[in-house]
Each structure stands twice: as structure tokens, then as C-alpha cells.
Amino acid sequence: GPVAERRLLAVRLGELPAWLATRQLSAQGLLGGVRKAWSSYYDKYINVKRGGPAGISMLLAGYCLLSYGWSYQRLSKSSFLLPD
Amino acid sequence: VISSVLHVTRPLHTTQQRSAPLPPLPEKGGEVRHGLIPEEFFQFLYPKTGVTGPYMLGTGLVLYLLSKEIYVINHETVAAACILSVIIYGVKKYGADVAAFADKLNEEKMAKALDVKNEAIKGLETAIEEEKKEQWRVEGRKYLFDAKRNNIAMLLETNYRERLLTVYSEVKKRLDYQVAMQNLKRQKEQDHMIQWVEKNVVQSITPQQQKESIAKCILDLKALSKSAQAAV
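Residues numbered from 1 in each chain as written. Chains lettered and ligands numbered in written order. Predicted model: local features only at pLDDT ≥ 70, side-chain atom pairs only at ≥ 80, totals over all residues. Heavy atoms only, no water.

Visitor: In this structure, what is going on with the overall build of chain A? I would like to understand it.
Guide: In terms of regular secondary structure, chain A is built from four helices and zero strands. Each helix and strand of chain A, placed in order from N terminus to C terminus, yields the pattern α-α-α-α. For chain A, the proportion of its 84 residues judged to be buried stands at 15%. Accessible surface computed for chain A: about 6900 Å², of which carbon and sulfur atoms make up 65%. (Helix = DSSP H or I, 4+ residues; strand = E, 2+ residues; numbered from the N terminus. Buried < 20%, exposed > 50% of the residue type's maximum accessible area, 1.4 Å probe, protein only. Areas by Shrake-Rupley, 256 points an atom, 1.4 Å probe, with all protein chains shown as cover.)

Given below as C-alpha cells:
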């Protein structure tokens with residue numbers, strides 16, 4: 001179907017800018033997108049009868065990566081090399 | 001402010017209205033390998049690279065990050081390794097027990113809700129039975145009213161007969177009175193007449209006749225005494 005109605009994972013790489021152009025990039029649109037993404041993740045991995053560690057472990061791993069990215073500048077500066 | 005914004009922008013009634021019952025929760029979550037990477041990623045790479053593709057990609061990525069010092073090994077690495085090993089050991093050892101405990105809690109909740117529902121259903125069914133019985137009882141109205149009608153008819157009959165008797169006795173009393181009056185009158189007339197006749201007769205007996213009758217009586221007595229003496 002047309003590019004505008006597909007979800008992000010169904011969009012090909014070449015069509016990405018076109019797809020981005022059709023999305024509402026206002027605060028409301030972004031917020032709506034975030035809410036939809038969270039609710040689909042929640043319904044798939046957390047809101048089940050017999051879940052496992054996977055639901056929150058993926059969230060924690062994502063948080064670890066994000067925090068490492070934020071503090072990369074500081075971490076790369078500290079030097080553990082012995083002064084030659 | 002944020003809550004008010006969320007409240008306004010929330011899309012309401014956009015999907016098809018689904019009537020009860022709600023679809024049940026899925027049994028298990030999406031498949032995740034090693035607790036971190038969803039199965040879809042492996043399926044996505046399978047056609048091009050086979051089974052080992054994602055693992056090679058992971059290894060290559062890790063070596064690249066380490067060699068280019070994009071991931072710096074410092075004291076935090078050691079801490080992370082220790083923490084992760086402890087967490088993984090704990091999950092592997094006690095995961096099943098915790099899952100069983102949580103399942104038991106869920107079961108109890110469900111059982112309680114089902115109990116409430118069953119109790120409500122039973123209560124309503126008994127109410128239905130009682131109601132049917134009351135409706136059956138209402139049909140007995142006919143007999144009740146028949147009995148009442150019989151009672152009233154009997155009362156009316158009794159009253160009527162009592163009054164009939166009263167009428168009869170009253171009439172009889174009046175008639176008896178009339179009869180007694182007539183009898184009394186006749187008797188009084190008779191007595192009066194007898195007295196009058198006697199009085200007149202006595203008056204009519206003149207002294208002359210009295211003397212004659214007395215002399216006759218004496219003669220008769222003498223004659224009788226003579227005959228009596230003769231008989232003795």
C-alpha cells in the first residue's frame with residue numbers, strides 16, 4: 001500500500017525520507033508516536049499471563065546503552081594508562 | 001501541565017467498539033533469545049545469513065567496539081560483569097519458583113472472582129425459583145375467593161332465616177293476642193250472663209214460692225227419711 005499508512009518496520013530504507021515526511025512531527029504527533037510504540041511493546045512483552053525476565057531486561061539494557069552514550073565523553077577522557 | 005496535555009491529546013473511540021468479553025491476555029510474551037534480543041531479529045537475518053549470522057554480527061560488533069575503544073574498559077566493566085553474573089545466577093536458580101508463586105497468586109484472584117460470580121448466579125437462580133413459586137401461589141387465589149364467597153353466602157342465608165323466624169314469631173304473637181282477647185271476651189260474656197240469669201232467678205223467687213218450696217222439701221225429706229228408715 002501507500003507509504004503513509006505503513007508502520008516503521010514495513011518501510012524500506014529508500015522510502016524512509018518519504019515516510020518521515022508524512023508523519024506529523026509536531027509535539028502532539030511525536031507524543032502520540034511514543035505512546036503507540038510503548039503500548040505495543042507493553043502489550044507484547046509485559047502485559048501477558050506468564051511473562052519472563054525478557055520484558056524488563058530489554059528495557060534495562062536499553063537504559064544502560066543510553067546512559068553509556070550520554071556519559072561517553074566523560075568516560076573517554078579519563079585515562080587509566082600509567083604515565084610513561 | 002503534562003497530564004492535561006496528555007488528557008487532551010488522547011485519541012478516544014478510534015478503534016472499533018468491541019463488546020464484552022474482552023479478548024484474553026496472551027499466554028506468553030514475544031520470544032526473546034538470551035533475554036535481550038527478540039526472536040524477530042534472528043528471523044529477519046535467517047534468509048540471508050542462516051543460523052549463525054546474528055551471532056557473527058554480534059561478535060564482530062563487540063570486537064569492533066572494543067578495538068576502537070568505543071567501549072572503554074574500566075572499573076565499571078568489572079562491576080557490571082559481577083552484577084550481571086549475580087543477576088543471571090539468581091534468575092536461573094529461582095526463576096521457576098517465583099513464576100510458580102506468581103501463578104498461584106493469580107489463580108487465587110481468579111478463583112475469588114469466579115466464586116463471586118458463581119455466588120451471584122446461584123443467588124439469582126434461587127430468586128428465580130422463589131419467584132416462580134410465588135406465581136404458582138397466586139393461582140390459589142381462585143380457591144381463596146370461592147371459600148370467601150361460600151362464607152358470605154352462608155352468612156346471608158343465616159341472617160335471612162333468622163329474620164324469617166322473627167317475622168313468624170311476631171305474627172304468631174299478634175294472632176295469639178287476638179285469639180286470647182276473643183276468648184276472654186266470650187268468657188266474660190258467659191260469666192256475666194250466668195250471673196245475671198242467677199240474679200234474676202233469685203229475685204224472681206217470691207217469698208210465697210219460697211215457703212212452698214221449703215214445705216215441699218220438708219215433705220220430701222220426711223218421705224225419704226221414712227223410706228230410709230224402712231230400708232234400714
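Visitor: Is there a simple way to think about the packing of helix α2 (residues 27-45) of chain A against helix α3 (residues 54-70) of chain A in this case?
Guide: Helices that pack against each other are described as a pair by the angle of their axes relative to one another and the distance between those axes. All names here are of chain A. Taken N-terminus to C-terminus, the directions of α2 and α3 make an angle of 140°; their axes are 9 Å apart at the nearest point. Considered as vectors, α2 and α3 are oriented oblique to each other. Contacts between α2 and α3 pair W38, Y41 and Y45 from the former with A54, G55, M58 and L59 from the latter. When grouped by side-chain class, the residues that make up the contact of α2 with α3 number six nonpolar, one polar and no charged. (Axes fitted to C-alpha atoms, helices over the stretch in contact; angles between N-to-C directions. Parallel < 35°, antiparallel > 145°, perpendicular 65-115°, else oblique. Contact = heavy atoms within 4.5 Å. Nonpolar A, V, L, I, M, F, W, Y, C, P; charged D, E, K, R; others polar.)

Visitor: What's the story with helix α6 (residues 207-231) of chain B in this structure? I'm lost.
Guide: Every α-helix carries 3.6 residues per turn, so stepping three or four residues along brings you back to the same face. For α6(B), with 25 residues, the first-to-last C-alpha span of 35 Å sits near the 36 Å given by 1.5 Å per residue. Here α6(B) lies mainly on the outside; zero of its 25 residues are buried. (Expected span 1.5 Å × (residues − 1).)

Visitor: I tried to follow the interface of chain B and chain A on my own but got confused; where do I start?
Guide: In this complex, chain B contributes 26 residues to the contact, which on the side of chain A involves 20 residues. For the pair chain B and chain A, the summed buried area comes to about 2000 Å², and 57% of that belongs to carbon and sulfur atoms. At the boundary of chain B and chain A, one finds three salt bridges. For E27(B), the salt bridge goes to K49(A), with nearest N and O atoms at 3.4 Å. There are ten residue pairs in polar contact (both at pLDDT 80 or more) connecting chain B and chain A. Secondary structure elements with two or more residues in the side of chain B that touches chain A: α1 (2-9) and α4 (75-138) of chain B. Here the side of chain B that touches chain A gets four residues from one element, more than from any other, and that element is α4(B). Class assignment of the residues belonging to the side of chain B that touches chain A gives a composition of twelve nonpolar, six polar and eight charged. (Buried area = accessible area lost by both parts, 1.4 Å probe. Salt bridge = Lys/Arg side-chain N within 4 Å of Asp/Glu carboxyl O. Polar contact = N/O pair within 3.5 Å; in protein donor to acceptor, adjacent residues only side chain to side chain.)

Visitor: Explanation requested: the UniProt feature "transmembrane region" (unreviewed entry) in chain A in the structure shown.
Guide: When the UniProt feature table is mapped onto this chain, "transmembrane region" (unreviewed entry) is found at residues 51-70 of chain A. Counted over residues 51-70 of chain A, helix gives 85% and strand 0%. Its end C-alpha atoms are 31 Å apart. (UniProt positions renumbered as here; feature names shortened; annotations may be inferred.)

Visitor: Teacher, can you tell me more about the pattern of salt bridges here?
Guide: In a structure, side chains of opposite charge can pair up when their charged atoms sit close to one another. One pass over the full model with this rule turns up twelve salt bridges over all chains. For E40(B), the salt bridge identified is with K44(A), shortest N-O distance 2.6 Å. In this pair, E40(B) sits in helix α2 (residues 39-49) while K44(A) sits in helix α2, so the two residues belong to two different chains. For E40(B), a relative accessible area of 43% gives the class partly exposed.

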